[in-house]
Amino acid sequence: MKENNECAIVMKGISKEFKVLNRREGLKGSLLDLFSRDYKTVTAVDDISIEIPRGQIVGYLGPNGAGKSTTIKMMTGVLEPTRGELLVNGAVPYKNRAKNAEKIGVVFGQRSQLWWALPLTESFNILKDIYMIPDQEYKDMLEFYQSLVDIEPLLHKPVRQMSLGQRTLSDILAAFLHNPGIVFLDEPTIGLDVSMKSKIRTLIHALNQEKGTTVILTTHDMGDVDALCRRIVIIDHGKMLYDNDIEHLRRFFGSYRTLKLRLSGDKKAQLEKLTAEIPECSVGITEDEEWITVLVDEEKRKVMDVLSQIQNSYTVRDMQLEEISTEDVIRKIYEDADRENGAASEETEEGSESK
Amino acid sequence: MTNSISKKRGLGFYLHIYRMIVIQDIKSKMSYRSDFIISTVGMIATNVTGFISFWILFRNFPSISGWGYYEMLFLYGFSLISLTPVQCLFDNNWSLRQNVFSGDFIKYYFRPINIFFYYQSEIFDVKGLGQLAFGIGTLVYAWAKLGIPVTVLAVVELVVFLITASLIMIALQNAAAATCFWINNSFYVLDLAYKFRDYAKYPITIFGPVFKFVFTFLIPIAFIAYYPSLVILRPDEIPVLTWLSPVIGLIFFGLSYKFWMLGVRKYNGTGS
Ligand SMILES: Nc1ncnc2c1ncn2[C@@H]1O[C@H](COP(=O)(O)OP(=O)(O)OP(=O)(O)O)[C@@H](O)[C@H]1O
Ligand SMILES: [Mg+2]
């Protein structure tokens, strides 16, 4: 166990519940809603405990609606946890929002925090004064930025004239500007092209190395994870599924192989058919849509066996055999959790609604 | 690494940041020249038509409830000036609902400064300055026509009560805007608060006793122009309430700020 003061973030049994009004339909329903006390409780984050030492880059993963953004909103002082103990830089974020904000940087992908009408350099100047960054540190930081990416063309452009990629890049630069101890990045690479993604990964990596910044990264892009994170935390339905080294996870799935195939014909249709034909393997398509991937657990069934089954009914134009990819590991974990959850929720369907 | 002592951010700091943001904002607005010209023309037209309708309405009556034409004009000018701060400095209240609804509002939590300040500093509405010029012109003209002696005391009183009136108008708008943290259709509340300010131009005595009570104690728009103007216009019959109005202004502003910040604290954001 690490000492508390070595930890950037300590979460103990954190939960967050939202009360949502059960809305009724129609005009009469809306009128009734005005006086309604009929609330449903949604548990977005459910009893999560993590300790994050300084300087780490942690991939905070989970399927849509898992509770990742909600966790980040608690860590940044926007939301108050319903239960549990949360310390960021040794203080409770919700109670010390402004003080906490001095030592963190935040980027919510697709939601710019820069002044819309101002050129980036003016935004930076304002931030310099808001965070009271000393002149020399500010100058050094800009030089460091320039050595990593070409910021010169961005500086004089009003934010509202920027492309999504340029804006995200600017937002990330702004988040690191005051050299915060922790930076939260919620889906920073969403909607970006391959080259911008790689630029942003380089930038985050370099800043983490050079400044020792702790980074909490939420993403659905396993390329981000491969490039940046040693440790990953996976949550689903608000509950912690996994928290460990990614290497450890890969070893855990050591008997798995990814079989990549190029078949003639329509990939989407093949995906459906193959999923039905080989139920013991998980079938997917790669991000560039070039390959069909079949994840095989060699302890259950040999790769060659699966391949020959496929060859019986498809023409294989090209194939590759790989160790399990991060993408597949994560998908496997999501799918397994889903299966368990599906079974569990059927039993508790009735009891899950509170008044 | 980051230093552990928290940096002090006082009034000087906030004024400095405000100035920086506003100068940049005005600079960038002026760079869209046609936009700037059109909105300036629009602002002048609004003020001129406002004045013309006032003039058509009141020039034919020698007095209404004992209030003469120039006294009415004085009230009109007074209310224009006292509405300037809310127009110039707090115009972003109009976008609050949109920001809260879309979830964009969470970005205001991420800076180490007061959220109310940060939010309001984002917009400075230059158009309000035209209204200010118009109001001052009207007030000075009415003052001269009424032949009220210009003393240091009168000017000080005027300034104090203008500030009071502004605070009340700002308070009204803050409170109305902040309802969006609790209800979806808060636009109507804000719009209603905006419409009320039209009544601020008239002496409260022309309304019946019910409205007189409402506009004094519930929705205190009588403090925007009527009660303060009495100090200059009717120095012999000033009600106690007038002397209380600076305090009432501060209290209302304080309460509206607390209400706004209460919304900030309980805001849950959106699911995405
Ligand atoms: N303000 C809110 N009011 C009600 N429910 C909410 C609110 N915010 C989030 N939720 C719910 O909490 C759950 C978790 O949402 P959250 O945004 O944290 O997910 P996420 O892991 O970030 O998902 P994604 O990958 O899609 O961004 C969802 O079921 C969501 O509907
Ligand atoms: Mg999210």
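Conventions adopted
- Residues numbered from 1 in each chain as written.
- Chains lettered and ligands numbered in written order.
- Predicted model: local features only at pLDDT ≥ 70, side-chain atom pairs only at ≥ 80, totals over all residues.
- Heavy atoms only, no water.
- Near = heavy atom within 4 Å.
- Polar contact = N/O pair within 3.5 Å; in protein donor to acceptor, adjacent residues only side chain to side chain.
- Areas by Shrake-Rupley, 256 points an atom, 1.4 Å probe, with all protein chains shown as cover.
- Nonpolar A, V, L, I, M, F, W, Y, C, P; charged D, E, K, R; others polar.
- Helix = DSSP H or I, 4+ residues; strand = E, 2+ residues; numbered from the N terminus.
- Buried < 20%, exposed > 50% of the residue type's maximum accessible area, 1.4 Å probe, protein only.
- Contact = heavy atoms within 4.5 Å.
- Domains from an automatic or database assignment.
- Buried area = accessible area lost by both parts, 1.4 Å probe.
- Salt bridge = Lys/Arg side-chain N within 4 Å of Asp/Glu carboxyl O.

Remarks on the site of ligand 1
In the neighbourhood of ligand 1, 15 residues make up the surrounding shell, with Gly65, Lys68, Ser69, Thr70 and His220 of chain A lying closest. More than one chain reaches ligand 1: the nearby residues come from chains A and B. Between an oxygen atom of ligand 1 and a main-chain N or O atom of Gly65 of chain A, the distance comes to 2.8 Å. In this structure, Thr70 of chain A approaches ligand 1 through a side-chain N or O atom, which is 2.5 Å from an oxygen atom. For ligand 1, the protein covers 78% of the area, taking 640 Å² as the surface of the free molecule. Residues belonging to the shell around ligand 1 are distributed by class as follows: 3 nonpolar, 10 polar and 2 charged.

Let's talk about the environment of Phe252 of chain B
Residue and element names in this part refer to chain B. Here Phe252 is to be found in helix H12 (residues 240–266). Residue classification places Phe252 among the partly exposed residues on the basis of a relative accessible area of 26%. For the pair Phe252 and Phe105, spaced 147 residues apart in sequence, the C-alpha to C-alpha distance is 25 Å. Once residues within four sequence positions are removed from consideration, Phe252 is found in contact with Ala171, Phe217 and Pro220.

Here we look at the domain arrangement of chain A
Residues and elements named next belong to chain A. Once the domains are mapped, chain A shows domain 1 (2–249) and domain 2 (255–344). Relative to domain 2, the C-alpha centre of domain 1 lies at a distance of 33 Å. Summing the contributions of domain 1 and of domain 2, the shared interface buries around 970 Å²; its carbon and sulfur component is 67%. In terms of surface lost to domain 2, no three residues of domain 1 exceed Met222, Leu241 and Leu249, which account for 40% of the buried area on that side. Where domain 1 packs against domain 2, one counts 0 salt bridges. Linking domain 1 to domain 2 there are 1 residue pair in polar contact (both at pLDDT 80 or more). Contributing elements (two or more residues each) for the side of domain 1 that touches domain 2: helix H9 (222–228), strand E8 (231–236) and helix H10 (246–252).

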